[in-house]
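The primary structure of each chain is shown beneath.
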Amino acid sequence: MGTTTTTTSLDAGGEDRVMAAAQQIVKSLNTAKEVREDMLLILSSFDNRLSNITNLIKKDSDSTGVRFDAAEKVILRWDSSSSNPETSRHSLPWEDSPHEAAEYLSAVDEILKLVVDVSIRSDNEIMDRAEAAVQLAMSRLEDEFRLILISNSVPLDAEGLYGSIRRVSLSFAANEGEIDEEFESFGEVDSVRGCFHERGASLGDDLCVDLINADAVVELKEIADRMIRSGYEKECVQTYSNVRRDALDEYLVILGVEKLSIEEVQKIEWKALDEKMKKWIQAIKITVRVLLSGEKRLCDQIFNGFDSIKEICFNETAKGCVMQLLNFGEAVAIGKRSSEKLFRILDMYDVLADALLDLEMMITDEFLCSEAKGVLSGLGDAAKGTFVEFENAVKSEASKKPMQNGEIHPLTRYVMNYVKLLVDYSKTLNLLLESDEDEEDDGLQSEDSELETTTPFAKRLLLLISSLESNLEEKSKLYEDGALHCIFLMNNILYIVQKVKDSELGKLLGDNWVRKRRGQVRQYATSYLRACWMKALYCLKDEGIGGSSNNASKVTLKERFKNFNACFEEIYRIQTGWKVPDPQLREELRISISEKVIPAYRSFMGRFGSQLESGRNSGKYIKYTPEDLENYLLDLFEGSPLILHHVRRKNS
C-alpha cells in the first residue's frame, strides 16, 4: 500500500511538471496558431501524460481572449470619439471616482502585458485590436495628464515670496545726493538721489513651495509611467513641458517681469527701467531658488526612474522663463551707460552670479548655461564701463558758477555718497577690476604710498577721489575772495574726510590718507586767517601812531579805530552769510579768530582807548568792547547775512 501510494504521488508530480513544460511551450512558440497546435498534438502522441494538451491550448486561448476583451471594454468605455454616448465619457474620474480611474490604468496594464505575451503576437486580429486600444488609451491619458497638470497648478503667492526676501537697503539721503540742474555735464546722475539699493537681500534657505498639489503628483506619475512604457514618452514630455512652461511664464507675469525685446528695453526711461531692474533682481532669486527648484523636484517625482526623460523635461520647461530673464539682462548690459545705473547693474550681476551656480546644478542644457554665463559677463563689463563713465563725469564736471556761501559743492556730496554705497560692492568690484589693475598702476605712482590696502577697488577709489579734489581745487579758483576760497576748500575736504572716516572707505584708504587731508584743512584755516584778518589786525598795531601810549596822535588813533570797525563790520556782514556746515569746524574757526583778534583788540584799547574815551563822540570810534566782538564772532559762518546795527554809546 505504501509503495503504491508513493508511486502514484510521483506519477502525479511528474505529470504536473510535464504539463507545466507544455504550458511554457504554448507561450514560447512564436508561430502561427494552427502550426503551434499541430506541433503540440504531435508531442502528445509521445507521452500519454500530454493527452489533454488540446484542452490546455483551448483553455489558454480562451483565458487570453477573456482578459483582453475585458481590458479593451474598459478602455473603449472612456473613448470620447465613440458614436455611442452610453459607452463613452469625456473625462476620466480621477477625483470623483478613484476606483474607476484605477480600473482604467489596470486595463492599460493588462493590454500592455498581453501585447508582450508571445502567445498572441502571432494573432494579427488581437494585435491590431491591442495596438488600437493602446493608441486610444494613450490619447486619453495624454489629455488627462494635461488636465491634471493645469487644474492642480498651485497659484503663486508673490507677496508671500517677496516678504520672504530679507532686505538690507542703503540709500542717498534726500539732501545728500542732489545735483543742481545747471550742472549739465553731470546732471544725468541726478536721478540717483532717493533711490534704494538692496544689498544682501536673499531668500530663506528653507523656502520650498509645491507647484502642483501633492495629491495630483501621484496621479501624474501613474499616467507618465504608462505613457513611457507604451513608447509615448515624446508625447508625455511635450505635454508636460508645454503646460509647465506656460505656468512659469504666468509666474513671471505675477512677479512683474514683462516679455520685452532688447530694443523695447533700451527705449525705457530710467525711472521706469529702474523699477523693472528691481523686479528682475527679485524675480531671478525667486525663479531660481523657488520656481525652478520646485520644477526640478516635480520632475524628479513624476519621472522617477526615467533619468534621461526627467532631464529633458526639466530643460524644456525651464528654457522659456530663463531665456526671458536673460534677454532683459542682456538688454541692460548693452544699453546706454550712465552713472545712476551702476548700483542696479551691480545688483543684477551679483544676483545672477549667485543664481548661476544653482542653474548649472539643475540645468544640463549647455546652450542655456552658456547664455547665462554670457549675460553675466556682459553685466560685468557694463558695470566696469559705467564705473569708468562715473570717473570721467567727475573729472569733466565743469560748472562755472561758484557756491555763493562757500558751502559744500553738490558734486562733492554726490560723489562721496556714491562711493560710500560702492564700498558695499567691494568684493564684486575687486573681482571685476582685477583684470584692469595693471593698466591703472602707472596713474597711481604718486598716490600709492597713501594706500594701506592695495585692492583694485581701493586704487580706483583713490584715483576717483583725487580727481574730485583736483576738480574742487579748480572750482575754488572761481572765488575772487581769497578767504572764501579757503572756506570752500575747508568745507569740501572736511566733508570728504568725514565720509571716508565714518564708513568702510576708511579701511580702504587708511588712516594716513585721513591724516593728510586733516592737515590740509588746518592749512586752509591758517590761510583763511591770513587772507581775512590781517588788514583788521594791522589797524591794532602800534606802528605809525607816533609817541607813547599817553601822547599818541588822536587823529591817527581815531583813524585806526574807525578802520578796524569798518573792517570788522564788513567781515561780519559778508561772513555771517558764509556757511560752514560742520559745527566743530565752525567752532574751531571762531576760536582761532577770537584768539588772534580779541587779545589784540583788548591790548590796543588798554593802551590807547583812554585817550579817546575822554573826548567828545568817543562812541563813534570805540564802538565795541572786546566782549561785544566775541559775541559777534558767534554769528559767523551760519549762512545768514547780518548787519551790525548796535553802536556803543558813551557818556561824554
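Described in the following lines is the structure provided in the data block. The shown structure was predicted, so the numbers you read here are calculated from the model rather than taken from an experiment.

In this section: the overall build of the protein. Scanning the protein from terminus to terminus reveals 24 helices and two strands. Each of the 652 residues in the protein was classed as buried or not, and the buried ones make up 49%. Partitioning the intrachain contacts of the protein with sequence separation of at least 6 by distance along the chain shows that 80% fall at a separation of at least 24. Taken as a whole, the protein presents about 32400 Å² of accessible surface, with 49% of it coming from carbon and sulfur.

Looking now at the pattern of salt bridges. Within this structure, the stated rule accounts for 34 salt bridges. Lysine 319 is the partner of glutamate 316 in a salt bridge, and the nearest nitrogen-oxygen pair spans 3.7 Å. One end of the pair is glutamate 316 and the other is lysine 319, both in helix H12 (residues 307-333) and three residues apart, which spans about a single turn. The class for glutamate 316 is partly exposed, based on a relative accessible area of 32%. Note that glutamate 638 and arginine 590 form a salt bridge whose closest N and O atoms lie 2.6 Å from each other. Of this pair, glutamate 638 sits in the segment after helix H24 (626-633) while arginine 590 is found in helix H23 (residues 583-613), placing the two residues 48 residues apart along the sequence. One network of salt bridges, in which partners are shared, links Asp109, Glu222, Arg226 and Arg229.

This paragraph deals with the packing of helix H14 (residues 366-396) against helix H15 (residues 410-422). Running from N to C, H14 and H15 point in directions that differ by 160°, and their axes come no closer than 12 Å. Considering their axes alone, H14 and H15 lie roughly antiparallel with respect to each other. As for the relative orientation of H14 and H15, their crossing is left-handed in sense. Across the interface between the two elements, Phe387, Phe390 and Val394 from H14 touch Tyr414, Val415, Tyr418, Val419 and Leu422 from H15. Residue classes in the contact of H14 with H15 are distributed as eight nonpolar, no polar and no charged.

So, on to H12. With 27 residues, H12 ought to run about 39 Å at 1.5 Å a step, and its terminal C-alpha atoms sit 36 Å apart, in line with that. The principal kink in H12, of about 40°, is found at lysine 319.

Let us now look at a positive patch on the surface. A contiguous patch of positive charge, built from Lys554, Lys558, Lys562 and Lys620, is present on the exposed surface. Tracing the backbone shows lysine 558 in helix H22 (residues 554-575). The class for lysine 558 is partly exposed, based on a relative accessible area of 31%.

About the cut-offs
- Residues numbered from 1 in each chain as written.
- Predicted model: local features only at pLDDT ≥ 70, side-chain atom pairs only at ≥ 80, totals over all residues.
- Heavy atoms only, no water.
- Helix = DSSP H or I, 4+ residues; strand = E, 2+ residues; numbered from the N terminus.
- Buried < 20%, exposed > 50% of the residue type's maximum accessible area, 1.4 Å probe, protein only.
- Contact = heavy atoms within 4.5 Å.
- Areas by Shrake-Rupley, 256 points an atom, 1.4 Å probe, with all protein chains shown as cover.
- Salt bridge = Lys/Arg side-chain N within 4 Å of Asp/Glu carboxyl O.
- Axes fitted to C-alpha atoms, helices over the stretch in contact; angles between N-to-C directions.
- Parallel < 35°, antiparallel > 145°, perpendicular 65-115°, else oblique.
- Left-handed = near helix turned anticlockwise from the far one by under 90°.
- Nonpolar A, V, L, I, M, F, W, Y, C, P; charged D, E, K, R; others polar.
- Expected span 1.5 Å × (residues − 1).
- Bend = angle between axes of the 7 residues up to and from the residue.
- Patch = residues over 30% accessible without salt bridge, like charges linked within 9 Å, V, L, I, M, F, W, Y side chains within 5 Å.
- Lys, Arg positive; Asp, Glu negative; His and termini not counted.
- Charge placed at Lys NZ, Arg CZ, Asp CG, Glu CD.

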